[in-house]
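Examination of the molecular architecture
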Protein chains: 2
Amino acid sequence: MATVNEITNRSVDFAKWYTDICRVAELVDYSSVKGSMIIRPYGYAIWENIQKVLDKMFKESGHENVQMPLFIPESLLNVEKDHIEGFAPEVAWVTMGGNTPLEERYCVRPTSETLFCDHYKKIIKSYRDLPKLYNQWCTIVRWEKTTRPFLRSREILWQEGHTMHQTEEEARKETLTMWHVYEKFQKEYLALPVIVGKKTEKEKFAGAEETYTIEAMMQDGVALQNGTSHYFGQSFARAFNIEYLDQNNTLKTPYQTSWGVTTRMIGGLIMTHSDDNGLVLPPKIAPIQIVFIPIGKDPKVIEKIEEIKNNLPEYITSKIDLSEKSPGYKFAEAEVKGIPLRVDLGSRDLENNTVTLVRRDTLEKQTASLENIENTIIKMLDDIQENLYNTAEKRRNSMLHDAKNYEEFIKIANELPGFIKINWCGKTSCEEKIKEDTGYKSRCILIEEKTDGCCAVCKESAKHKIYFGKQY
Amino acid sequence: MATVNEITNRSVDFAKWYTDICRVAELVDYSSVKGSMIIRPYGYAIWENIQKVLDKMFKESGHENVQMPLFIPESLLNVEKDHIEGFAPEVAWVTMGGNTPLEERYCVRPTSETLFCDHYKKIIKSYRDLPKLYNQWCTIVRWEKTTRPFLRSREILWQEGHTMHQTEEEARKETLTMWHVYEKFQKEYLALPVIVGKKTEKEKFAGAEETYTIEAMMQDGVALQNGTSHYFGQSFARAFNIEYLDQNNTLKTPYQTSWGVTTRMIGGLIMTHSDDNGLVLPPKIAPIQIVFIPIGKDPKVIEKIEEIKNNLPEYITSKIDLSEKSPGYKFAEAEVKGIPLRVDLGSRDLENNTVTLVRRDTLEKQTASLENIENTIIKMLDDIQENLYNTAEKRRNSMLHDAKNYEEFIKIANELPGFIKINWCGKTSCEEKIKEDTGYKSRCILIEEKTDGCCAVCKESAKHKIYFGKQY
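Our subject in this report is the structure included herewith. Here the structure is a predicted model, which means the values were calculated and not measured. (Residues numbered from 1 in each chain as written. Chains lettered and ligands numbered in written order. Predicted model: local features only at pLDDT ≥ 70, side-chain atom pairs only at ≥ 80, totals over all residues. Heavy atoms only, no water.)

Turning next to the relation of the copies chain B and chain A. Expressed as a screw transformation, the operator carrying chain B onto chain A has a rotation angle of 180 degrees and an axial translation of 0.0 Å, and the superposed copies differ by an RMSD of 0.0 Å. Look at the turn and shift together and you get a two-fold axis relating the two. When each C-alpha of chain B is compared by its distance to the rotation axis, B:V94 comes out closest, at 2.1 Å. When the interface residues of chain B are mapped onto chain A, 100% of them again fall at the interface, so both copies present the same face. (Least-squares fit on C-alpha atoms with pLDDT ≥ 70 in both. Contact = heavy atoms within 4.5 Å.)

Following this line, the structure appears as structure tokens:
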């Protein structure tokens with residue numbers, strides 16, 4: 001195992017600190033395939049935990065999983081105009097099958113709206129077939145030029161929900177419901193104090209009428225898009241000629257949504273909670289929540305540890321580190337890997353009826369009584385989860401700024417990390433001027449649909465309040 | 001929903017019967033992507049159940065999940081000679097990223113030995129790093145010319161285990177262990193009376209030293225390969241220069257295995273258990289084990305059904321069909337979809353303190369007392385599982401033949417469906433003569449490593465007993 005010494009300090013180089021943690025905590029490895037990463041067992045176990053919780057939330061809200069093809073024929077990708085314009089520049093094209101050139105080239109799916117629509121056209125005939133609430137867990141490919149583990153990769157593991165509804169109202173409700181499922185999941189499980197808002201016309205998904213976004217703020221004040229939910233209206237349904245007979249035997253066009261989150265959330269987790277000593281994971285999503293480290297070889301110590309482990313509820317994942325390594329090495333490994341709670345027990349502790357608890361979030365070490373130790377542990381895990389959220393929220397709040405006018409806005413944008421709240425008229429020209437004047441890749445998040453006052457840029461009547469932030 | 005009337009009789013056209021069931025039971029749909037299928041929610045739920053059970057078995061035996069890239073650069077695929085010869089003719093090649101031709105073309109992984117080896121080379125340095133017991137759930141692509149749902153498709157959902165070991169003994173043991181995990185799973189969960197054996201030199205996996213296979217026999221007597229486990233020896237490790245320092249600080253080459261099963265098992269399930277009325281599923285793998293159908297609208301009936309449902313153990317999945325359809329329509333739907341047990345309850349039943357149970361395997365209808373109904377149901381599900389296995393085993397046994405000489409062998413091969421046991425010298429020329437003389441795509445399964453007597457073909461001294469069968 002690599003050690004904490006290989007982790008660059010955040011203050012020295014935040015980007016390097018991030019990739020060091022990904023590597024040293026053994027979350028990913030680089031591969032011989034340019035732009036693709038290998039997700040190692042410890043990283044993949046985080047994704048499995050994310051999948052388990054989200055999949056349950058999806059199924060409880062009536063969604064079913066399906067599996068669509070990996071490929072999209074070029075003619076199918078071309079059906080919806082905005083969509084192809086958005087995706088064509090960044091897809092991977094399959095042109096040969098074995099030694100034979102294909103008659104029509106196929107792209108590896110960058111997203112599956114077109115495939116779902118093609119299928120929906122065949123299976124939606126009557127109002128009885130609606131709603132269709134489908135989800136897919138899969139890999140997508142976008143031919144990115146610059147890549148970083150979890151944040152931007154040519155291959156992405158994700159889920160994509162695609163639903164069809166009889167009415168606009170129902171589809172809009174679905175869009176918002178799934179947006180809030182993501183928000184709830186990220187707050188409660190990932191301990192991310194995300195900001196939810198709408199994307200501007202310029203930034204919304206290719207083909208969507210509205211895109212709702214979940215934005216997390218990293219420790220360096222930069223925004224990370226951590227999930228989106230789109231309302232499509234009837235644009236795809238029209239392009240694909242999807243029609244159904246309603247209750248009055250009249251042909252109608254259904255309304256559509258799609259929504260997705262990716263392994264990028266793991267990047268968000270890392271850049272929100274981790275520190276210069278390595279990964280920090282919220283207990284609710286950590287592959288291993290507790291590591292027990294016996295000090296010395298006293299069989300009574302091992303026996304006691306096994307007893308504690310067995311008395312913990314089944315939903316708590318723990319391991320006893322019985323390897324030949326020294327305790328010091330084990331401590332370092334637990335720290336670098338972000339295991340939320342370390343429990344050390346030696347012969348002397350046993351005599352004193354005590355145990356040493358070391359929490360990863362604060363690095364605090366404390367002696368606890370062995371009486372009722374299971375309850376102490378459960379309480380401490382809850383406390384770690386809560387503390388991680390509160391710490392992240394406090395830091396986020398300290399980087400939320402208000403700008404009264406454009407001058408102040410530019411000053412803050414140049415000097416302080418974080419998001420800046422301003423009034424905006426809604427015109428793309430003003431949004432573009434901001435991006436030009438600040439000079440960095442940025443993100444606008446509409447947080448209030450209606451506002452008084454005037455646009456910070458053009459001084460015309462304002463329509464929205466927005467958060468403006470630098471983005472990953 | 002389509003109905004039983006759309007299912008061709010097995011006796012008329014077995015192949016059509018199979019694809020009719022796939023479609024009518026809503027397991028798959030055809031897509032606009034030639035050779036790729038859409039796995040619909042009901043089909044995908046079967047795969048999810050398979051994954052859940054197998055993943056648990058893998059983890060309990062110490063395996064960890066990882067995620068490797070989707071693509072393999074051509075130069076990487078070329079490293080192991082036998083491997084590239086086996087796979088090059090059937091891979092899909094990505095040659096463009098966006099609008100830019102790639103410097104080196106990438107294939108979509110047909111299997112991931114080369115990717116795992118490339119990674120193992122980086123992470124295996126010392127005997128402390130061994131064994132590596134990795135598994136991956138993913139999609140692979142093989143550019144097949146003729147395709148059939150689940151059986152042969154251009155895209156396949158599967159799992160692939162790839163392990164590295166210090167010693168030959170340990171690697172051979174792993175190969176056999178996973179082979180028997182598959183056997184156990186297929187017998188106990190899928191109720192398939194599979195035959196396990198070794199593949200001949202001619203049929204083994206490209207690059208493997210030994211390939212062990214799990215073969216299921218379909219109702220028409222044809223063999224379906226339902227999983228394989230390979231012992232690689234050191235061939236890949238040598239080709240990829242994977243070396244580690246052993247306990248004496250000496251550089252050593254590790255030993256390797258790989259093993260996999262695919263969604264093809266769902267095809268095996270269908271062609272083993274289903275009948276002319278539709279799908280038949282073993283309870284242990286069915287997405288819905290019980291459907292409750294209320295007869296009439298008496299609220300007391302619904303209440304009683306809910307009470308029974310709630311009293312069942314949590315591991316049993318059931319649904320109450322409260323849709324507006326007629327009971328007759330609901331019965332037909334439950335039958336076509338192969339729901340193992342139907343429970344009908346009406347007001348009159350309630351008065352009599354009875355309930356009607358209809359089991360899908362035998363189509364038997366029986367009246368049972370409402371006293372202790374939960375136990376009756378649990379027992380019946382167990383009985384259905386057992387009966388499906390026994391019925392399939394009995395049928396399989398009726399199609400296992402012994403041939404004393406080549407004349408008898410050819411006569412049976414021409415006249416009877418099933419597998420034929422013969423002695424074989426082990427020479428590829430004799431194997432090829434059999435394939436030529438029988439004239440169909442076939443499978444040889446070595447079931448006994450040593451035997452007396454002489455080869456049925458060349459009369460020379462026999463080395464093995466084999467089962468010979470027509471294959472899917």
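From this point, the discussion proceeds with the structure in view.
Another aspect to go through is the side chain of B:R154. Residues and elements named next belong to chain B. Inspection of the secondary structure assignment puts R154 in the loop between strand 7 (132–141) and strand 8 (155–165). Summary of buried charges: R154 has no salt-bridge partner, and the nearest side chain of opposite charge, E144, is 7.8 Å away. From its side chain, R154 meets the backbone oxygen of K34 in a polar contact 3.5 Å long. Excluding its chain neighbours within four sequence positions, the residues that come into contact with R154 are K34, G35, S36, I140, V141, R142, W143, E144 and T147. (Helix = DSSP H or I, 4+ residues; strand = E, 2+ residues; numbered from the N terminus. Buried < 20%, exposed > 50% of the residue type's maximum accessible area, 1.4 Å probe, protein only. Lys, Arg positive; Asp, Glu negative; His and termini not counted. Salt bridge = Lys/Arg side-chain N within 4 Å of Asp/Glu carboxyl O. Polar contact = N/O pair within 3.5 Å; in protein donor to acceptor, adjacent residues only side chain to side chain.)

Time to look at the pairing of strand 6 (residues 100–108) of chain B. All names here are of chain B. Here strand 4 (residues 71–73) pairs with strand 6 via 3 bridges, running antiparallel. Directly across from F71, in strand 6, lies its bridge partner V108. For strand 5 (residues 92–97) and strand 6, the ladder comprises 4 bridges, and the chain directions are antiparallel. Its bridge partner lying in strand 6, V94 is registered against Y106. Joining the antiparallel neighbours strand 5 and strand 6 is a turn of 2 residues, in which G98 adopts a positive phi near 65 degrees. (Pairing = 2+ DSSP bridges.)

Here we come to the sheet that holds strand 19 (residues 365–369) of chain B. Within a sheet, neighbouring strands are paired by backbone hydrogen bonds and run either parallel or antiparallel to one another. All names here are of chain B. Reading across from one edge, 16-15-17-18-19 is the order of the 5 strands in this open sheet, with mixed pairing throughout. The sheet is open, and its two borders are formed by strand 16 (318–320) and strand 19, each paired with just one other strand. Sheet twist, expressed as the mean angle between neighbouring strand axes with direction ignored, is 25 degrees. Across 6 bridges, strand 15 (residues 290–295) lies against strand 17 (residues 341–346) in parallel orientation. Residue pairing for strand 17: V291 is matched across the bridge by R342. (Axes fitted to C-alpha atoms, helices over the stretch in contact; angles between N-to-C directions.)

The subject of this paragraph is the sheet that holds strand 9 (residues 195–199) of chain B. All names here are of chain B. Strands sit in the order 3-7-8-14-11-10-9-22-23-21-20 across an open sheet of 11 strands; the sheet is mixed. Pairing within the sheet leaves two strands with one partner each, and these edge strands are strand 3 (64–65) and strand 20 (400–402). Relative to strand 14 (residues 255–262), strand 8 is paired through 8 bridges, and the arrangement is antiparallel. The residue bridging G161 from the neighbouring strand is W259, located in strand 14. In the packing of helix 6 (residues 168–188) onto the sheet, contacts are made with strand 7, strand 8, strand 9, strand 10 (210–217), strand 11 (223–233) and strand 14, and the angle to strand 14 comes to roughly 10 degrees. Packing against the sheet, helix 8 (residues 264–273) makes contact with strand 10, strand 11 and strand 14, and its axis sits at approximately 145 degrees to strand 11.

All names here are of chain B. Along the chain, R342 turns up in strand 17. Residue classification places R342 among the buried residues on the basis of a relative accessible area of 9%. Ignoring sequence-local partners within four residues, the contact set of R342 consists of V291, I293, F331, A334, T356, L357 and V358.

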